[in-house]
Amino acid sequence: MRNALVTAALVASLGLIADVRQPAAQFGQLQFGQPQSFQPPFGQPQFDPAQPAAPRVLAPTRVQTADKVGKTKTAARKVGKAHRKHHVVRPPPNQRKIAEKNGYKRVSDLVNFPKFFPSLGVLFVKPETLPLGPFLCFDRKDRLVATVYMVPTRDIDDHKPLEASGFAGAALDHVSIYFNPGHPGVDVPHYHIVIWHVTRKQEARVAK
């Protein structure tokens, strides 16, 4: 009787071991043996484990190294410095010297006339253009302030046509016209037609 029970227990144990090994064998076959076909869900691409996976292509990325950053900043600084260059401001040409090169003479060197005449300044004229002029008036710093034409009253009374040259490069601000009884150089009664190249306030340069 005891032997029969032992035999029955051994048979039962062997049956349990066989049931456990069968799923384990199936699991091992799926894991290490030939792979079973796998159907992906509808709409998903089929994956075949037997085929090697396609390599992933990564988009190139721009990596700015510290050296490149430093060069970029240096280039930006150089551009900034180029824009900050100071422009050299050159003084305007000396108009008195230009007038002298063109044949103008100081009136005080030609006749008994003040070197500096209040209200007009230092006068220059071409001797061959007397008495009409033009007379160029400069301040004490050789800046052209006015151009003067001296028109004899007899020429006005006689309705005489007059022509005179101008002085190029001088702007016109305002004009003054007044009578003068005569002075050295133009000793007959005449009118001064003064073409000012400066403002009324800047006329003070030749006031005294």
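Since the model is a prediction, treat every value here as computed from it, not as a measurement. (Residues numbered from 1 in each chain as written. Predicted model: local features only at pLDDT ≥ 70, side-chain atom pairs only at ≥ 80, totals over all residues. Heavy atoms only, no water.)

Here the focus is the pattern of salt bridges. Throughout the structure, instances matching the rule amount to three salt bridges. Between Glu-100 and Arg-96 there is a salt bridge; the shortest N-O distance is 3.0 Å. Placement of both Glu-100 and Arg-96 in helix 3 (residues 95-101) is noted, with a separation of four residues, approximately one turn of the helix. The shortest N-O distance in the salt bridge between Arg-143 and Asp-139 comes to 2.6 Å. Note on Asp-139: relative accessible area 3%, which makes it buried. Shared partners join several salt bridges into a network, and the residues in it are Arg-96, Glu-100 and Asp-142. (Salt bridge = Lys/Arg side-chain N within 4 Å of Asp/Glu carboxyl O. Helix = DSSP H or I, 4+ residues; strand = E, 2+ residues; numbered from the N terminus. Buried < 20%, exposed > 50% of the residue type's maximum accessible area, 1.4 Å probe, protein only.)

Strand order in this open sheet of six strands is 1-2-3-4-6-5, and the pairing throughout is antiparallel. In this open sheet, the two strands that pair with only one neighbour each are strand 1 (105-106) and strand 5 (174-180). Two elements, strand 2 (residues 122-125) and strand 3 (residues 135-138), share four bridges in a ladder whose sense is antiparallel. Bridge pairing links Val-122 to Phe-138 in strand 3. (Pairing = 2+ DSSP bridges.)

This next bit is on a nonpolar patch on the surface. Taken together, the side chains of Ile-156, Leu-172, Val-175, Ile-177, Phe-179 and Tyr-191 define a hydrophobic patch exposed on the protein surface, amounting to about 590 Å² of accessible area. Per element, the largest residue contribution to the nonpolar patch is three residues, and it comes from strand 5. Inspection of the secondary structure puts Ile-156 in helix 5 (residues 153-157). (Patch = residues over 30% accessible without salt bridge, like charges linked within 9 Å, V, L, I, M, F, W, Y side chains within 5 Å. Areas by Shrake-Rupley, 256 points an atom, 1.4 Å probe, with all protein chains shown as cover.)

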